[in-house]
Amino acid sequence: MADGHRTRAEPGAPGELALLRRANPVPAADPRYQDGPLGHEAERRLHRLLHSATPAPCRRPVRRWAWSLAAATAVAAVTATLLVSGPASAPAVAAPRPLTVRAGSAPVPLAELAARAASAGDALPLRQGTHVQTWSLGLSSGPGSRPPITLPEERVVRWKADGSHTELVVATDPRHPGRPVITDADGTPRTVEDGHVLSRQTYWPSWSDAPPQARPPHTAGALRAYLEAIDTTDTMNTPRLVEAVSQLLDNWTPGSREGAALARVLADARGLRPVGAVTDRLGRPGQAYVYDDAASADRGMLILDPANGAVLGLETTATRSDPAFGLKAGEVLSYSAWMR
């Protein structure tokens, strides 16, 4: 103390430097800040941003995949197993064919499906986490380049009461879609026999009051506002609404009430055209509803359970050919198949 005033430590004082060193907000050893593959939700958002930023229809974005060494090795092993086969085995088809509407099937209006969902009762509870199988087509350009194929992945996310969660990602065999993921007695999910684990991680407790991490409401009006809050940068047209729905389903498994509210939101949007019955990638019966996204030259097909209106899957196909990327109209760009 000097002249009645407290002296201030100079910035270079040893004590202050030690405090600054200990206050490193991004320690190199912290697993939360280490490099790793993008999650499915991040890849989907990157795909959307790249497409939206490309106004010229003849140019399609280059999708850049971030893989850890272990994940890349696992995918290489699966690819070798699938594509290097003996003369007695049928070659695997890594790129899926588009889903087709069953000939002669009667389309069910979304309003009718929403009514079925509302009368289905409250049998299923809302659950945080997801169980989804996904596939995406990577695009590359340049002399001699070929579109890389991404093998189907199955992802199981389970949350615990303390706010922590686990994520298991498995490379599935496209010859056997819908490979089941079973749960051990202690609650640990694992795959049957020859599933190749790409990653198995446990994340520290975390909470958020913002969609899609926040708990979704179970009334149509509130759920519509929830979906609009997921991405406020774009007008909520049909493609953006479906994108928000997919993000919701990548974070939550809706219960009966939330599923009924979601069916009503989709019906009220009036942007989805019923086209008839399909069998989804997991062999489940569904009703298909399509929409066109002119900005991305894509067509989306949303598949709903005909009994209770639950969203089963989403498939995106190209509506225009693009020779620069070796892309043909009608080819599948991505799909998701959600399970309970």
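For every chain, the first residue of the written sequence is number 1, and numbering continues from 1 onward in sequence order. The model is predicted, so local features are restricted to residues of pLDDT at least 70 and side-chain atom pairs to those at 80 or more, both for listing and for counting; the totals for chains, interfaces and linings are taken over all residues. Calculated side-chain values reflect all of the structure's heavy atoms, with hydrogen atoms and water omitted.

Chemist: Run through the overall build of the chain, naming residues and quoting values.
Modeler: Secondary structure elements follow DSSP: runs of H or I of four or more residues count as helices, runs of E of two or more count as strands, with numbering from the N terminus. Within the chain, the regular secondary structure consists of seven helices and twelve strands. Per-residue burial over the chain gives 42% buried out of 340 residues. Within the chain, counting contacts between residues at least 6 apart in sequence, those at least 24 apart form 61% of the total. Type-normalised accessible area, obtained with a 1.4 Å probe on protein chains alone, sets the label of each residue: buried when under 20%, exposed when over 50%, and partly exposed for intermediate values. Any two residues whose heavy atoms approach within 4.5 Å are treated as being in contact.

Chemist: Just give me the short version of the pairing of strand 9 (residues 285–293), but keep the residues and values in it.
Modeler: Within strand 9, seven of the nine residues are buried, which leaves the element mostly enclosed by the surrounding structure. DSSP-based pairing: two strands are paired if at least 2 bridges between them are found. With six bridges joining them, strand 8 (residues 273–279) and strand 9 adopt antiparallel strand pairing. Paired with Gly276 across the bridge in strand 9 is Ala288. Counting the residues between successive antiparallel strands, the hairpin from strand 8 to strand 9 contains five residues, one of them, Gly283, with a positive phi of roughly 80 degrees. Between strand 9 and strand 10 (residues 298–304), which follow one another and run antiparallel, lie four residues, and Ala297 among them has a positive phi close to 55 degrees.

Chemist: Now, about the pattern of salt bridges: what can you tell me, with residues and values included?
Modeler: Should their charged atoms come close, side chains of opposite charge can pair. Any Lys or Arg side-chain nitrogen located within 4 Å of an Asp or Glu carboxyl oxygen qualifies as a salt bridge. Inspection of every chain in the model, using the stated rule, returns ten salt bridges. Glu228 is paired through a salt bridge with Arg224; the nearest N and O atoms lie 3.0 Å apart. Placement of the pair is Glu228 and Arg224 together in helix 5 (residues 220–230), with a separation of four residues, close to one helical turn. Judged by relative accessible area, which is 33%, Glu228 ranks as partly exposed. Of the charged contacts in the structure, one is a salt bridge between Asp292 and Arg299, with a shortest N-O distance of 2.6 Å. Classification of Arg299 by relative accessible area gives partly exposed; the value is 38%. Counted as one network, the salt bridges with shared partners bring together Arg155, Glu167 and Asp250.

Chemist: Lay out the side chain of Arg281 in plain terms, naming residues and giving numbers.
Modeler: Mapped onto the elements of the fold, Arg281 is located in the loop between strand 8 and strand 9. In the analysis that follows, any N or O atom pair within 3.5 Å is treated as a polar contact, provided that within protein one partner can donate a hydrogen and the other can accept it, and provided that, for residues neighboring in sequence, both atoms belong to side chains. One polar contact links the side chain of Arg281 to the main-chain carbonyl oxygen of Arg97, over a distance of 2.8 Å. Within polar-contact distance, the side chain of Arg281 engages the side chain of Glu315 at 2.3 Å.

Chemist: Describe the pairing of strand 11 (residues 311–318), listing the residues and the values that go with them.
Modeler: When you tally the buried positions in strand 11, you get eight out of eight residues, the bulk of the element. One ladder, built from seven bridges, connects strand 10 with strand 11; its direction is antiparallel. Pairing of Leu304 across the sheet is with Val311, part of strand 11. Linking two consecutive strands that pair antiparallel, namely strand 10 and strand 11, is a turn of six residues; a positive phi of about 75 degrees is found at Gly309 within it.

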